[in-house]
Amino acid sequence: MSDKRDSETSQSIASNETEECDKQGQWSELPSLPLENIYSFLTRQDQFNMSMVCRKWSEGYGSPSVWKTFTFDLSASQVSKDNCKVMTFVLKYSRMFRHVEIDCIQAMKRRLIKSWSRYFIEFLQILTSNSQLQSFKLLYLSSSLTYIGTPTYKNICRAIADFLGSQRHLKRVEFDYCSVEFNEGVEFLRKLTENSRESLTHLVLRRFVYRKLSDREQVSNLLQHIPKLSDLPSLKTLETDYSLIFENMVASQSNGIQTIKSCKTRVLSKIILHYCHINPEFRDLRGLTSTDWRFLKILCPDLQVDLRIITLSETRENVEFLIVPNMPITRLEYIISDFDEEEGPAVIFDHLLSCNTNDHLVTLHLEGRRHMQFLSSTFIPFFQACKKLKCLKLFINSSTSGIDLLLKSWQENPPESLEKVTIDVWNIDKNDYPILMNLTSEYVPLLELAGLNVRVKLHVRRIIS
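Once a new chain begins, its residue numbering starts again from 1 and follows that chain's sequence as written. Where totals are concerned, whole chains, interfaces and linings use all residues; where local detail is concerned, this predicted model gives features only for residues with pLDDT of at least 70, and gives and counts side-chain atom pairs only at 80 or more. Hydrogens and water are ignored here; the side-chain numbers use all heavy atoms of the structure.

Enquirer: Give a detailed account of the pattern of salt bridges, specifying residues and quantitative values.
Expert: One speaks of a salt bridge when a side-chain nitrogen belonging to Lys or Arg is within 4 Å of a carboxyl oxygen belonging to Asp or Glu. Considering all chains together, one arrives at 14 salt bridges under this definition. A salt bridge links Arg-197 to Glu-198; the nearest nitrogen and oxygen atoms lie 2.7 Å apart. Overall, Arg-197 belongs to the partly exposed group, its relative accessible area being 28%. Taking the shortest distance from any N to any O, the salt bridge between Asp-241 and Arg-206 comes out at 3.0 Å. A residue pair is termed long-range when its members are at least 10 positions apart, and Asp-241 in strand β6 (residues 237–241) and Arg-206 in strand β5 (residues 202–206) qualify at 35 residues. Given the relative accessible area of 10%, Asp-241 is considered buried. Burial classification: accessible surface area is computed with a 1.4 Å probe over protein chains only, and a residue below 20% of its type maximum counts as buried, one above 50% as exposed, and the rest as partly exposed. Of the residues examined, Arg-206 reaches a relative accessible area of 12% and is grouped as buried. A network of salt bridges, in which partner residues are shared, links Glu-101, Lys-137, Arg-172 and Glu-174. Runs of H or I in DSSP of at least four residues are treated as helices and runs of E of at least two as strands, each being numbered from the N terminus.

Pasting the structure below:
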């Protein structure tokens, strides 16, 4: 009996082992499509670990779908090594890359900047030799430029320019917080548009250059190499700071109406334009005119402008400089730290009306960070003139904001196009809170019944003892 039990136990164990082997065999025989789908959910390290399981999984690791998108973001431990394993995989699989993002944030570690720069340049050189990308994103290069010397900086810029000049099919290119010198920035654009001008559909230039050269003649010569918007026939979206480069891209094509008539209309449909008070070159800009925008609108009939302004203190001069007639602003975001309490709001809304901005506006985001009568007598007339406005966001740092007047005007004259309203009132005195709460409780339900999605949030001022 004992021998019989031992025999049965041995058979059971053998059966289980066979079943387990069969399961493993089934996993190793996964078809390519689900195998590649599993790889898409894993980090690079987990992908590598998975590739070591069996030959079939190793073959899946080398498929184009696994390497279609690649992010170059070396960690401190990787940079500190003489031989970075990542570069081995880059050299082996870079021909499959189609979408590359380079995140330079790790370069902020000063002691590693020399090694990081070496790997960064090597990576760009491999891309130049092996890859034809569809998209390229370079992030936070400015974080490393503080610590590198001039020779290394020149080598990095040369490697970027060579890479851009080697590409033939780029559709989307983004430079975010790179802050290179003006002449290098112009060279990047020149190289980019030499071979990818027909394919380029999206271009982002945020904090692209840090400063321009002091030699005005040299600057003038460099500007000749900046592409005009009319030179980019496939460009659909341009996101940029309000800069000398942007001005030249727009104004240089407006020399005469005959020039525009001789050009085919372009597909450019969105300009996302950023203005920040810390822009060091703003004082050197001449400003785009209503004529510039009119010509651009002729060239790009479907154009819409998304204007985002962040400023410490607003003046009539700045408002009139940034916003001019014929600017098809469909989205306006205005964040202002300080206003002249008597003139500030009136300047904005009167000027917007005089420029017919209300004819295009779909989204309006206004934020005031200090005490003021933000909803002045000029806001409600401007708002009522915006016949296409769908979304309104107000962030107001005042208890005397005029919210009651605004809500009452909507009840008496319901806005036809408006769909969503968000209002935040900050730093409310605790004695004023019940009054404002009663007002919103009275008007908001009625407006919601009329079909308007309204959200009002009241924030009481904190008392720090």
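Enquirer: Tell me about the side chain of Ser-417, and name the residues and values.
Expert: Tracing the backbone shows Ser-417 in the loop between α19 (403–412) and β12 (420–428). Exposure remark for Ser-417: the relative accessible area of 18% places this residue in the buried category. Looking at Ser-417, its side chain comes within polar contact range of the main-chain oxygen of Lys-387, at 3.1 Å. Under this definition, polar contacts are N or O atom pairs within 3.5 Å; protein pairs additionally need one hydrogen-donor-capable and one acceptor-capable atom, and for neighbouring residues in sequence, both atoms have to be side-chain atoms. From its side chain, Ser-417 meets the backbone oxygen of Leu-389 in a polar contact 2.6 Å long. Each residue touching Ser-417, except ones within four places of it in the same chain, is listed here: Cys-386, Lys-387, Lys-388, Leu-389 and Lys-390. The criterion used for residue contact is that any of the two residues' heavy atoms lie within 4.5 Å.

Enquirer: An account of the layout of surface pockets is needed here, citing residue identities and associated values.
Expert: A volume near 500 Å³ is recorded for the largest pocket. Listed by contribution, the elements that provide at least two residues to the lining of the largest pocket are α3 (44–51), β1 (69–72) and α7 (85–93). It is β1 that provides the largest number of residues to the lining of the largest pocket, a total of 4 residues. Each cavity reported here is a set of points on a 1 Å grid over the protein atoms alone in which a 1.4 Å probe fits but cannot get out, each pocket an open set with protein on both sides within 12 Å along at least five of seven lines, and each lining residue one with an atom within 4 Å of a point. Grid points are joined across faces, edges and corners, and a volume is the space filled by probe spheres set on the points.

Enquirer: Pulling in residues and values, what's your account of the packing of helix α11 (residues 182–195) against helix α12 (residues 216–223)?
Expert: Relative orientation of the contacting elements α11 and α12 amounts to 15°, with a least axis distance of 10 Å. By the criterion of interaxial angle, the relationship of α11 to α12 is roughly parallel. Handedness of the α11/α12 crossing: left-handed. Residues Phe-182, Asn-183 and Val-186 of α11 form the contact with α12, whose own contacting residues are Val-219, Leu-222 and Leu-223. Three residue categories are used. Nonpolar comprises Ala, Val, Leu, Ile, Met, Phe, Trp, Tyr, Cys and Pro, charged comprises Asp, Glu, Lys and Arg, and polar comprises the others, including Gly. For the contact of α11 with α12, the residue count by class is 5 nonpolar, 1 polar and no charged. Where helices are involved, their axes are fitted lines through C-alpha atoms of the stretch in contact, as for all axes, and angles between N-to-C directions lie from 0 to 180°. Roughly parallel here means an angle under 35 degrees, roughly antiparallel means over 145, roughly perpendicular means 65 to 115, and every remaining angle is called oblique. Left-handed describes a crossing whose near helix is turned anticlockwise from the far helix through less than a right angle; right-handed describes the clockwise counterpart.

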